[in-house]
Amino acid sequence: MTRFAIGVDVGGTTIKGALVDERGTILLSDSIATPAHAAAAEDVVGEIVRIVDGIRSRAEGRGVRVEGCGFGTPSYSLGPEWIQTMSPNIPALEGYPLHPALRDACGDAIACDLDTHAATIAEHRFGAGGCFERSIFIAIGTGISCGIVVDGGTLVRHTYGTAGDTGHLIVDPVGRTPCSCGGRGCLETVASASAIRARAAEAVRRGEQTVLAELQPSPDLLDARDVFEAARHGDRTALEIFERAGRGLGVAIASLMHVFCPHAVLVGGGVSEAGELLLGPARATIDELASPFYRDQLQTVRLAALGADAGVVGAATLILFPSGAGPS
Ligand SMILES: [Zn+2]
């Protein structure tokens, strides 16, 4: 009999939920805006539970038995109470023990992991990563983080259950752009959606000849998708922004290659919609910088397969295949 679980991807902008089967297929889904500026954690939990309850009742209406609910969160979940730590995008959750509240509302069959880990697990099991012994999934959105798979299916979890603050690898020691983490020159200051948006706004303010100046009434309203559209139509400024982002990404990947020796690097998250505009310069930079020994073992740098669904599918996988990323 087919097994089903609910996966919830708690993002800084949107909370997405889905009913997922053991083949990674989404049968029902729903999403709501994250109350990112809520004063109390309970307000955020209330919205998460609303998504779960809605999907559960629709599933039960179809006669589907839900095994449990998995949650992907953008912050570290520490200890058995899943205390949310490093939660700048949803400040109300900082320090909040998420497990008791979700257990009371959703039952005992719940699981939680970093959102990027959930997406990495989904890519490994159902997407583009499964045939590789070692792979790195890089999620590029408002921020950047990596899930690193070794030994054919084990997630690297050496720091707070994660592979570390991989979005803050230093890739720009000369420009030394200040980063939200307090450091300078991090990958996030070069290749994240926030960085792309900030560089586009700067270019417009400097008076560069670019179509970006016409896309929004104010440069502050530009987003990464505007820059992508401009680049696709050949706008020089937009192309240079992606070239720089891709090269920064390539520097970070080359450095990760020298530590983890991946056979595949899979790039996901909203910014990955830029495709070759980003991956082309990243591959060229890897070819320039990486040691041939590691380069020879890297078989592919490509887009992740599951796109925006990876988060919810991975969160459900935490329940359906609780051993993690590896094949059962
Ligand atoms: Zn940083």
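Just so it is clear, the model here is predicted, and its values are computed rather than measured. All residue numbers here refer to positions counted from 1 along the written sequence of the relevant chain. Only residues with pLDDT of at least 70 are given local features in this predicted model, and only at 80 or more are side-chain atom pairs given and counted; all residues enter the totals for whole chains, interfaces and linings. Computation of side-chain values: all heavy atoms of the structure, hydrogens and water removed.

What to know about the sheet that holds strand β1 (residues 4-10)
We count it as follows: DSSP bridges decide pairing: two strands pair if at least two such bridges lie between them. For the purposes of this entry, the term helix denotes a DSSP run of H or I that reaches at least four residues, the term strand denotes a run of E that reaches at least two, and both are numbered from the N terminus. Interaxial angles span 0 to 180 degrees and are taken between N-to-C directions of axes, which are lines fitted to C-alpha atoms, for helices over the stretch in contact. Any two residues having at least one pair of non-hydrogen atoms within 4.5 Å are treated as being in contact.
Pairing within the open sheet is mixed, and its 5 strands lie in the order β3-β2-β1-β4-β7. Looking along the sheet, the strands with just one partner apiece sit at the ends: β3 (26-33) and β7 (110-114). On average, adjacent strands in this sheet sit at an angle of 15 degrees to one another, irrespective of strand direction. Bridge count between strand β2 (residues 14-21) and β3: 7 bridges; the pairing is antiparallel. Opposite Thr-14, over in β3, you have Ala-33 as the bridge partner. Its contacts with the sheet put helix α11 (residues 310-320) on β1, β2, β3, β4 (66-73) and β7, and the angle it makes with β1 is roughly 130 degrees.

Here we look at helix α8 (residues 236-260)
How we decide: Multiplying 1.5 Å by the residue count of a helix minus one yields the expected span of that helix. We call two N or O atoms a polar contact when they sit within 3.5 Å, provided that within protein one can donate a hydrogen and the other can accept it, with sequence-adjacent residues counted only if both atoms are side-chain atoms.
Here α8 contains 25 residues, and its C-alpha end-to-end distance of 35 Å stays within 8% of the 36 Å for a straight helix at 1.5 Å per residue. The backbone nitrogen of Thr-237 has a side-chain oxygen 3.3 Å away, supplied by the residue at the start of α8, namely Asp-235. Downstream of α8 by one or two residues, Cys-261 has phi in the positive range, about 50 degrees.

Observations concerning the packing of aromatic side chains
The condition that has to hold: Pairing of aromatic rings covers Phe, Tyr and the six-membered ring of Trp, with a centre-to-centre limit of 6.5 Å; geometry is then stacked below 30 degrees between planes, edge-to-face above 60, and tilted otherwise. Cation placement over rings: the criterion is NZ of Lys or CZ of Arg within 6 Å of the ring centroid and within 35° of the ring normal.
Tallying each qualifying case throughout the model produces 3 aromatic pairs. Seen in terms of ring centroids, Phe-293 and Tyr-294 are 5.0 Å apart; in terms of plane orientation they differ by 90 degrees. Their pairing is edge-to-face. Of note, Arg-125 hangs over the ring of Phe-321, and the distance from its end group to the ring centre comes to 3.6 Å. It is Arg-232 that lies over the ring of Phe-228; its NZ or CZ is 5.6 Å from the centre.

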